[in-house]
Every structure is written in C-alpha cells, then in structure tokens.
Amino acid sequence: MKKGDYDVLIIGLGIAGASLAWKLSQTNLKVLAIDSKPWNRFGDKPCGDAISKEHFDNLGMPYPQGKELEEKVEGIKLYSPDMKTVWTVKGEGFEIDSPNYVQRLVREAKDRGVEVLDLTTAMKPILSNNKVEGAVLFNRRTNEMMEIKAKITVDATGYSMSFRSKLPFEFPVTESLDDRDADVAYREVLYTKDDIEDYPYLKIFITQKASPGGYWWYFPKGPNKVNVGLGIQGGMGYPSIHEFYTKYLNYYAPDVDKERIIVKGGALVPTRRPLATIVWDGIAVIGDSAFTVNPVHGGGKGSAMISAYCVGKAILNAFENNDFSAKGLWSANECYIERYGAKQASLDLFRRFLQRLSDDEINYGMNRRVIREEDLLEASSSGDLQLSTAEKAMRVIMALGKPSLLFKLKTVAEYMKKIKEVYRHFPSDPKDLMRWKSNVDAIILDFNNALE
Ligand code: FDA
Ligand code: PGT
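Residues numbered from 1 in each chain as written. Chains lettered and ligands numbered in written order. Predicted model: local features only at pLDDT ≥ 70, side-chain atom pairs only at ≥ 80, totals over all residues. Heavy atoms only, no water.

A look at the domain arrangement of the chain
Okay, so step 1: As assigned here, the chain comprises domain 1 (2–49 + 100–176 + 272–338), domain 2 (69–94 + 179–270) and domain 3 (356–451).
Okay, so step 2: In this structure, domain 1 and domain 3 have C-alpha centres spaced 33 Å apart.
Okay, so step 3: Buried surface at the junction of domain 1 and domain 3, summed over both partners, amounts to about 1,200 Å²; 71% is from carbon and sulfur atoms.
Okay, so step 4: Ranking the residues of domain 1 by area buried against domain 3 places Arg 273, Trp 330 and Ile 337 at the top, with a combined share of 45%.
Okay, so step 5: For Arg 273, the salt bridge is made with Asp 441, and the minimal N-O distance between the two is 3.8 Å.
Okay, so step 6: Taken together, domain 1 and domain 3 are joined by 2 residue pairs in polar contact (both at pLDDT 80 or more).
Okay, so step 7: In terms of residue class, the side of domain 1 that touches domain 3 is built from 6 nonpolar, 4 polar and 4 charged. (Domains from an automatic or database assignment. Buried area = accessible area lost by both parts, 1.4 Å probe. Salt bridge = Lys/Arg side-chain N within 4 Å of Asp/Glu carboxyl O. Polar contact = N/O pair within 3.5 Å; in protein donor to acceptor, adjacent residues only side chain to side chain. Nonpolar A, V, L, I, M, F, W, Y, C, P; charged D, E, K, R; others polar.)

This is the structure in structure tokens:
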C-alpha cells in the first residue's frame, strides 16, 4: 500500500474543505486535500447558491468574480403564505457559480503548494491510542489504496458525514443527525421565458402548504436564469419533495422554461445547532458535516467558511504548541461559537417554533407585524429575538381571541436567550464537554415540551 505523511489531511473539497485548503496554503504546513469527485465537479452540489457578502469580508476570503459570480444580490423579499405581506430585507450578497468558485479556491491552494487528489475517497480512519492519525484512501485514478498519516485530519464531507461517522462512538464528533433536524431540499436552475423583474432580489415564499417546515425560493442568476427550489422538513412522513415540486412549480415560478433546465438535484440540509464540539483528538469537522447551516434560512455556505476559518486558526495554534489533542484544537470551538454557533443554537429553537405554525398564523403574524422585519433580521444576524413590539401585539392577539401558537412567542424568546447564555459558558476544557452538552440537550427537551 502506498504511504504518505502530512501535517493536515482535508477530506472533502466543497466550500468548507476548499476554504480551509485555501487558508492553509498561506502557511508552510504540508497539506493533502482529497475529494471523491473529479476536479471539474468539485463544488458541484445542489444549492441555492446565495451567500451574504459580509462573510467574505469578515473572513478575508476572495469575492467571487468573472464566471464565478452570476449575480450581485441587493436583498431578499419574503412573502407571506397568502402573498399579501412582503418584507424586504436589504443586504448585499452574491449568487455564485459554486463549482467555479470552489475550483478556483482549490486551484490557488494547489498553486501555493497544497497537494490535491481528485477521484479519491477516504475509506476509513487510522486510529492509534484513541487518536485519529490519518485515513486509508482509495484513489480511483490510479486504482491504489493509500495509507495517509496526518497530525490533523479534517472531515469536510458535507451532509454525508462519511468520515466522522466511521469513528468509534467514544469520539464526541460522531453525533448523528435526527431526521427532523434536517430539511430535504431540491432545486433546478432554468432559463426563464421572459426577463425577470427586479432580478437583484432573491424571493423566499413561506408556505406550509407547498413546503411544510421549509420554504420555496426563487433566486435569479441574472435577468433570464433562475435557481428555484424548496425545502421540506425531514422525518415527518410528508409526500416526496418531487411531488411538491411538480405540483407548485407553476405557482411559484410561472415564468420558467421547463424545456431549458441547466441543472437539477436535491440534498439534505441540517437545520440544527452545530456539533457539540467540532474538534477532538487529531480531528476537526467543518461545514455541513459539523451541522454549521443556519437553522432558519438553511444557508450553509457562509457558515461553512466560518468553520473553515476557525479550524484553520486552531490548526496553526496546535502546530505552534505541538498539541494535536482536543485540548490543543479547542479554540476552534470558541471561535466558531462566538462567530456563528451560539446564534445557530438560538435559531434551532426559533426554527422548531416556526415549523409548527400554520399558514394562517404566519399570515396573521406577518400582516400584523407580531414580528417585524427588523426583528427577523436581527434574529437572523444575532440569534436574539426582540419582543418589545411583539409583546404589545400579543395583547392585541389575546384581545382578538387568537392566542394559539403565536402566544408562545414570549416563551420562545426566553428560551432563545437561555440557550445563548449556556453557549456563552462553553467549557474551556474538553473534559467538561459532556456536562455542558447535557445542559443544552435539557433546554431543547424542555423547549419541545413547552411547545406541545
Ligand atoms: P459539500 O457537500 O459541498 O462538500 C462535501 C464534499 O466532500 C463533496 O465534494 C464530496 O464529494 C466530498 N466527500 C464526501 N465524503 C467523502 C469521502 N469519504 N472521501 C472524499 N471526499 C468525500 N447554502 C447557502 O449558503 N445558500 C444557499 O442558497 C443554499 N441553498 C441550498 C439549496 C439546497 C437544495 C441545498 C441542499 C442546500 C443549500 N444550501 C445553501 C446549503 C449549502 O449547499 C451547504 O451548506 C454547503 O454547500 C455545504 O458545503 P460543504 O463543503 O460542507 O459540503
Ligand atoms: C423554518 C425552517 C426552515 C428550514 C430551512 C430549509 C430550507 C432549505 C433550503 C435552503 C435554501 C437556502 C437559502 C439560503 C438563503 C440565504 C439567505 C442569506 O444569505 O441570508 C442572509 C445572511 O445570513 P447569514 O446568517 O449567512 O449571515 C449573517 C451575516 O450577514 C453575517 O455576519 C440574511 O438574510 C436573512 O436572514 C433573511 C431571512 C430569511 C428567513 C427565511 C425564512 C424564515 C421564515 C420566517 C417566518 C416568519 C413568520 C413570523 C410569524 C410570527
């Protein structure tokens, strides 16, 4: 068997793995990065392709340019189920061509010395003394098995979680995904019959009827091309996503030319708080595999880049201190929780609440501004739900005899605050992780009961 020795092995070259490879190529570490796909399909996964510009600025990542950038986005329009209320959330973003952007990152990383193998799959971990010490790979280009040792192995395998799931269960990074904590999502990219009106705005249609536990989107990629799709909550026994897609496509995207489909496909979107820890002895996990997606809007590319940034910094730290244990890599958790993870935990609760609302309640709530668009944006960017106005509205709702689920909003806001507080006290030592995790799990359980 062919053998190799590296500082870092990155498994998976989607946006998460590619961002990390790009970052590490600016150091003098010896890095091997692999993906099961051929080069020209790196970054090619079903996605709405929308990312906020802020992420690139915050993380020092290069903007998409040329053919990597399909449209500059100016904001999002959010439609109530009855289409009578439209909230406009302004903010700069990009509709990207994901394969082109990801492949550029990998190419630049390679030019700066990262070794890249395509058509190469990590088959199983190499373990020694309860530490991850690399992986056994199979290279389909050369038909060879390879034994690759690395000080740190990074799982960036997306929602397949195909590497970390093969570790012994004593590794806390083996946490699995509950079906209900994920949406099944499907999208097609098609040309439109006519030019799209207002194409720098993304459209999100909230509808429990046509996308239970998720939403429909219509994301223009220029004046006559659009990414259209929907997500539905997993584990609920709903009909197949294709049934919803074919039934409601004409309603949400009446202008598409069904004869001119450019790509189509579906995948899972985790919609929960991140893994309790994204590092352990000799291993780090980033992107979808670490559940870094925003639980409320399902966007995961920006936060995958954040996790890559945090793990990249922790790796450098670990090499400075020559400590590749959970403790040596621990700062990755602190960095990720501060930048995105605590907000995700809070939005994990908000998501559970939203998914239980009926279309009538959402219509009513949006129309009467029980939550205002500013509140939603604030919740989405910080994870804090401000209820000063909602509390006033609550009295109106009660007076109108409509307490129902919206009445629970105050409880929701309280729990969101509470869980963020627990995240503020993330343990500084790995040995306290399980105790902390059981506090988090208890809040989620209590919250679920409170919503019943
Ligand atoms: P990703 O899945 O991209 O990459 C994992 C890579 O690992 C793959 O290339 C795979 O081949 C490789 N791999 C897996 N196992 C391996 C192994 N054992 N050995 C070697 N390689 C292995 N987000 C967003 O920000 N904006 C949006 O508009 C949308 N819209 C959207 C729509 C739909 C339909 C879905 C399903 C999802 C979205 N998302 C999104 C989410 C977003 O697509 C997602 O969060 C990121 O692309 C995840 O990137 P990763 O790099 O983590 O995984
Ligand atoms: C309710 C459960 C939903 C589950 C989700 C399933 C969806 C599946 C498919 C995935 C499609 C992906 C679409 C990705 C959209 C990207 C949106 C985006 O970029 O949002 C920006 C940036 O957010 P960020 O967190 O990446 O970055 C923050 C910051 O910029 C960086 O520091 C922000 O825009 C928004 O947040 C808009 C809000 C979208 C909300 C979506 C729907 C929610 C439903 C609300 C209903 C309200 C009803 C209230 C009634 C009381």
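As for the environment of Gly 365
Okay, so step 1: Topologically, Gly 365 is positioned in helix H8 (residues 359–367).
Okay, so step 2: A relative accessible area of 8% means that Gly 365 is categorised as buried.
Okay, so step 3: C-alpha of Gly 365 to C-alpha of Lys 30: the two residues are 335 residues apart in sequence and 54 Å apart in space. (Helix = DSSP H or I, 4+ residues; strand = E, 2+ residues; numbered from the N terminus. Buried < 20%, exposed > 50% of the residue type's maximum accessible area, 1.4 Å probe, protein only.)

Digging into the site of ligand 2
Okay, so step 1: Neighbouring ligand 2 are 26 residues, the closest being Glu 54, His 55, Tyr 215, Tyr 340 and Ser 380.
Okay, so step 2: In this structure, an oxygen atom belonging to ligand 2 sits 2.7 Å away from a side-chain N or O atom of Glu 54.
Okay, so step 3: One nitrogen or oxygen atom from the side chain of Asn 294 is found 3.4 Å from an oxygen atom belonging to ligand 2.
Okay, so step 4: Surface burial for ligand 2 is 91%, taken as the share of its 1,200 Å² of free accessible area covered by protein chains.
Okay, so step 5: Elements represented by at least two residues in the shell around ligand 2 include exactly helix H2 (53–59), strand E12 (215–220) and helix H7 (331–355).
Okay, so step 6: In terms of residue class, the shell around ligand 2 is made up of 12 nonpolar, 10 polar and 4 charged. (Near = heavy atom within 4 Å. Areas by Shrake-Rupley, 256 points an atom, 1.4 Å probe, with all protein chains shown as cover.)

A look at the packing of aromatic side chains
The description of an aromatic ring pair rests on the distance of the ring centres and on the angle between the ring planes.
Okay, so step 1: One pass over the structure, following the stated rule, counts 21 aromatic pairs.
Okay, so step 2: By way of ring pairs, the aromatic residues Tyr 79, Tyr 186, Phe 205, Trp 216, Tyr 245, Tyr 251 and Tyr 252 are connected into one cluster.
Okay, so step 3: When the ring centre of Tyr 6 is taken as origin, the NZ or CZ atom of Lys 30, which lies over that ring, is 4.6 Å away.
Okay, so step 4: Stacked on the ring of Trp 22, the Lys or Arg Arg 112 has its end atom at 5.1 Å from the ring centre. (Phe/Tyr/Trp six-rings, centres within 6.5 Å; stacked < 30°, edge-to-face > 60°. Lys NZ or Arg CZ within 6 Å of the ring centre and 35° of its normal.)

So, the pattern of salt bridges
Okay, so step 1: Throughout the structure, instances matching the rule amount to 27 salt bridges.
Okay, so step 2: Note that Glu 175 and Arg 272 form a salt bridge whose closest N and O atoms lie 2.7 Å from each other. Taken together, the residues Glu 175 in the loop between strand E9 (144–155) and strand E10 (182–192) and Arg 272 in the loop between strand E14 (256–270) and strand E15 (279–280) connect sequence positions 97 residues apart.
Okay, so step 3: Accessibility expressed as a relative area gives 13% for Glu 175, which makes it buried.
Okay, so step 4: Given a relative accessible area of 4%, Arg 272 falls into the buried group.
Okay, so step 5: In this structure, Arg 351 and Asp 348 form a salt bridge, with 3.0 Å as the shortest nitrogen-oxygen distance. Here Arg 351 and its partner Asp 348 are both found in helix H7, 3 residues apart, which amounts to about one turn of the helix. By the burial criterion, Arg 351 is buried, and Asp 348 matches it.
Okay, so step 6: One continuous salt-bridge network, built from bridges that share partners, spans Asp 181, Arg 273, Asp 348, Arg 351, Arg 352, Lys 437 and Asp 441.

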